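The lines below spell out each chain.
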Amino acid sequence: MKKPLWMIASAAVLILLGTFLIANTAGRDKAEQAEGTDIRKLVEDISTGREKPQSASISATTLTVTDAGNKETTYTLPENEFFLSIAPYVQQTHPCEIHSLTGCQGEMVNEEFTVTLHDSEGNTFMKDEVLKSGANGFMDLWVPRDRTYLIRIVQDGKVAEKQLSTYPDDQTCITTMQLM
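Residues numbered from 1 in each chain as written. Predicted model: local features only at pLDDT ≥ 70, side-chain atom pairs only at ≥ 80, totals over all residues. Heavy atoms only, no water.

(A) Inspection of the sheet that holds strand S1 (residues 55-58) at higher detail. If you trace the four strands from one edge of the open sheet to the other, you get S3-S2-S1-S5, paired in antiparallel fashion. Each edge of the sheet is formed by a strand with only one pairing partner; in this case those strands are strand S3 (72-76) and strand S5 (99-100). Here S1 pairs with S5 via two bridges, running antiparallel. Bridged to serine 57 within S5 is serine 100. (Pairing = 2+ DSSP bridges. Helix = DSSP H or I, 4+ residues; strand = E, 2+ residues; numbered from the N terminus.)

In structure tokens form, the structure reads like this:
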């Protein structure tokens with residue numbers, strides 16, 4: 001017994017519509033989960049290797065993570081915090097503007113530095129704090145946005161100072177602080 005063509009077409013449309021609605025709902029749930037993500041913890045987990053995406057980069061406003069299946073997820077950074085990743089060096093560095101949490105490699109791995117950070121209004125955010133670079137040679141800092149800072153890094157009598165700013169077009173990857 002043959003079914004009319006319109007019945008087969010209607011069934012196909014219903015199946016496609018159901019599939020679309022299920023996929024759309026799942027995507028919306030995933031987006032809601034992404035909004036509730038602790039961005040600072042996610043960045044730390046990727047930087048330390050506890051999370052291992054295919055790639056992850058962090059600009060002044062967003063964190064972009066690509067998983068093993070090439071699915072890209074973009075997270076908005078906190079509106080009042082700016083991420084800086086700093087790789088002091090003595091002999092070797094690389095040009096960088098947007099920090100790759102999974103690709104950038106600094107010269108000075110797992111080393112301690114004394115760091116002082118002031119903003120242009122005279123506020124002190126760090127005073128001779130000892131920070132340790134990670135396995136990637138970078139120290140990660142979260143600082144208030146929309147300010148200009150003077151950062152001073154000291155190690156074994158060598159010093160690097162730099163003026164940095166945290167505005168929407170500023171870089172997150174600082175690889176120009178040579179200890180001398």
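(B) Main features of the pattern of salt bridges. Here the structure, examined in full by the defined rule, presents six salt bridges. Here arginine 147 makes a salt bridge to aspartate 119, at a shortest N to O gap of 3.1 Å. Taken together, the residues arginine 147 in the loop between strand S8 (139-144) and strand S9 (148-155) and aspartate 119 in strand S6 (residues 112-119) connect sequence positions 28 residues apart. Aspartate 119 sits in the buried class, given a relative accessible area of 6%. Here the salt bridges do not stand alone but share partners, grouping Lys41, Glu44, Asp45 and Arg50 into one network. (Salt bridge = Lys/Arg side-chain N within 4 Å of Asp/Glu carboxyl O. Buried < 20%, exposed > 50% of the residue type's maximum accessible area, 1.4 Å probe, protein only.)

(C) The arrangement of the state of the cysteines in detail. For the structure shown, the criterion picks out one disulfide. Note that cysteine 96 is cross-linked by a disulfide to cysteine 173, the S-S spacing being 2.5 Å. Judged by the sign of its S-S torsion, about 110 degrees, the cystine formed by cysteine 96 and cysteine 173 is right-handed. Here cysteine 96, found in the loop between strand S4 (81-86) and S5, pairs with cysteine 173, found in strand S11 (residues 173-174); they are 77 residues apart in sequence, far enough to count as distant. One exposure class covers both cysteine 96 and cysteine 173, and it is buried. Take cysteine 104: it sits in no disulfide, and the sulfur closest to it among the cysteines is that of cysteine 96, at 3.5 Å. (Disulfide = S-S within 2.5 Å.)

(D) The sheet that holds S6, seen in detail. With antiparallel pairing, the four strands of this open sheet are ordered in space as S7-S6-S9-S10. Each end of this open sheet is capped by a strand with a single partner; those strands are strand S7 (124-132) and strand S10 (158-165). Strand-to-strand twist across the sheet, computed as the mean angle between neighbouring axes with direction ignored, equals 15 degrees. Relative to S9, S6 is paired through six bridges, and the arrangement is antiparallel. Counterpart to threonine 116 in the pairing with S9 is arginine 152. (Axes fitted to C-alpha atoms, helices over the stretch in contact; angles between N-to-C directions.)

(E) Representation of the side chain of asparagine 136. Secondary-structure assignment places asparagine 136 in the loop between S7 and S8. Taking relative accessible area as the criterion, asparagine 136 reaches 10% and is therefore assigned buried. Ignoring sequence-local partners within four residues, the contact set of asparagine 136 consists of His99, Cys104, Gln105 and Gly106. (Contact = heavy atoms within 4.5 Å.)

(F) Inspection of the packing of aromatic side chains at higher detail. As enumerated under the stated definition, the model contains two aromatic pairs in all. Residues phenylalanine 125 and tyrosine 149 carry aromatic rings whose centres are separated by 5.5 Å and whose planes lie at 70 degrees to one another, so their mutual orientation is edge-to-face. Highlighted residues: phenylalanine 125 in strand S7 and tyrosine 149 in strand S9, separated in sequence by 24 residues. The buried category is assigned to tyrosine 149, whose relative accessible area is 2%. (Phe/Tyr/Trp six-rings, centres within 6.5 Å; stacked < 30°, edge-to-face > 60°.)

(G) Inspection of the pairing of S9 at higher detail. Relative to S10, S9 runs antiparallel, the two being bridged by eight bridges. Within S10, the position partnered with arginine 152 by the bridge is glutamate 161. Between S9 and the antiparallel strand that follows it, S10, lie two residues; aspartate 156 among them carries a positive phi value of about 50 degrees.

Keep in mind these values describe shape, not function.
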